[in-house]
Amino acid sequence: MKDRRHILFHIHLCRGIGLKGTKRILESLQELHSIFDLSPSTLQQITHSTTVNSELFYRDLHSFNSDRYKKLYSENDIDWITIMDEDYPALLRNVYDPPFLLFLKGNRNLLHGRKKLAIIGSRNATSYTEKILRDMIPQLVKKEVVIVSGLAQGADTVAHNETIQSGGQTIGVLGGGFNHIYPKNNEGLAHHMMKHQLLLSEYPPYIKPEKWQFPFRNRIISGLTDAVLVTEARKKSGTFITADYALNEGREVLCIPGSILEPLAEGTNSLIQEGARMVLSIEDIFSELGV
């Protein structure tokens, strides 16, 4: 009989119930292997899913060959970790709706034992973001701070690239699976990170990214880290969503101030006005991280 983590892997690959349905199953079944004895109607009652979705989940549960996928992932150097594992990141475990399973490609050790700083900002980041990060990231690298971002264009790309060029370590959190890197012009960066850094995703490699997945994955970016640094952002942007996750998760939000005449400073300046910590020098970040 498979242990709980392998059953969770199997459930994660089944369609129909999503994160909330999986959460309800884990909360309802003391013996997770008993899930295979349940009828579609009982599964529907537990997961609160529709009849169509519960029947889809039931079919996948009893027909999906997850062992084949484990072998395939292993052959392609794709690792995975569940919330049941001792080495699941402690900070991430305690956020609201933590991912139950993460797929990993690269240096798994980057998840542990170091201070981590999320760096986020606009996809249309200006030279202001580039100048700030080119000054600050080498200093963070010297303190062995791991930089976490989302591999998006703009600030994320600058953060990953500058960390790599400075000889540091960086983690990229994807909005889809490893086989569908977005944006396309970051495929080279992504493949480099798969070999020398770390990429992770809560989605199986074959899942294409959808628009809603990007703001949802932001809870992982902030959840993995000790603090979040925002460079430039408009109000009501994806960056703002990440900052909200960070605040809800008890992380400190650090913001680079900008000109009141610049649209991309509206978000950071308003966050500062609402209580985020204003960053005027690298020492402000060091102080927050305790390095």
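To keep things clear, this report deals only with the structure shown in the data block. (Residues numbered from 1 in each chain as written. Predicted model: local features only at pLDDT ≥ 70, side-chain atom pairs only at ≥ 80, totals over all residues. Heavy atoms only, no water.)

### Things to note about helix H8 (residues 155-165)
In step 1: Across the eleven residues that make up H8, a large majority, eight, are buried.
In step 2: Every buried residue of H8 is accounted for by Ala155, Asp156, Thr157, Val158, Ala159, His160, Glu162 and Thr163.
In step 3: Residues of H8 that are buried sit in contact with strand E3 (116-120), helix H7 (127-142), strand E4 (146-149), strand E5 (170-173), helix H9 (187-196) and helix H10 (213-223).
In step 4: Positive backbone phi, approximately 80°, marks Gly167, located one or two places after H8. (Buried < 20%, exposed > 50% of the residue type's maximum accessible area, 1.4 Å probe, protein only. Helix = DSSP H or I, 4+ residues; strand = E, 2+ residues; numbered from the N terminus. Contact = heavy atoms within 4.5 Å.)

### Section: the pattern of salt bridges
In step 1: Taken as a whole and assessed by the stated rule, the structure comprises 13 salt bridges.
In step 2: One salt bridge in this structure joins Lys23 and Asp97, with 3.5 Å as the shortest N-O distance. Note that Lys23 is positioned in helix H2 (residues 18-28) and Asp97 in the loop between helix H6 (90-93) and strand E2 (101-106), a separation of 74 residues in sequence.
In step 3: Of the residues examined, Lys23 reaches a relative accessible area of 28% and is grouped as partly exposed.
In step 4: A salt bridge links Arg108 to Asp87, with the shortest nitrogen-to-oxygen separation between them at 2.8 Å. Of this pair, Arg108 sits in the loop between E2 and E3 while Asp87 sits in the loop between strand E1 (79-82) and H6, placing them 21 residues apart in sequence.
In step 5: Its relative accessible area of 31% is what places Asp87 among the partly exposed residues.
In step 6: Through salt bridges with shared partners, a single ionic network connects Asp79, Asp87 and Arg108. (Salt bridge = Lys/Arg side-chain N within 4 Å of Asp/Glu carboxyl O.)

### A closer look at the pairing of strand E8 (residues 252-255)
In the case of a regular strand, side chains alternate between the two sheet surfaces.
In step 1: Inspection of the sheet shows strand E7 (residues 227-230) paired to E8 by four bridges, in the parallel sense. Pairing of Val230 across the sheet is with Cys255, part of E8.
In step 2: Between E7 and its parallel partner E8, the chain crosses via helix H11 (residues 238-248), and the hand of that crossover is right-handed.
In step 3: Pairing of E8 with strand E9 (residues 277-278), which is carried by two bridges, proceeds in the parallel orientation. Of the residues in E9, the one forming a bridge with Leu254 is Arg277.
In step 4: Handedness of the β-α-β unit built from E8, helix H12 (residues 266-273) and E9 comes out right-handed. (Pairing = 2+ DSSP bridges. Right-handed = clockwise from strand over helix to strand, strands pointing away.)

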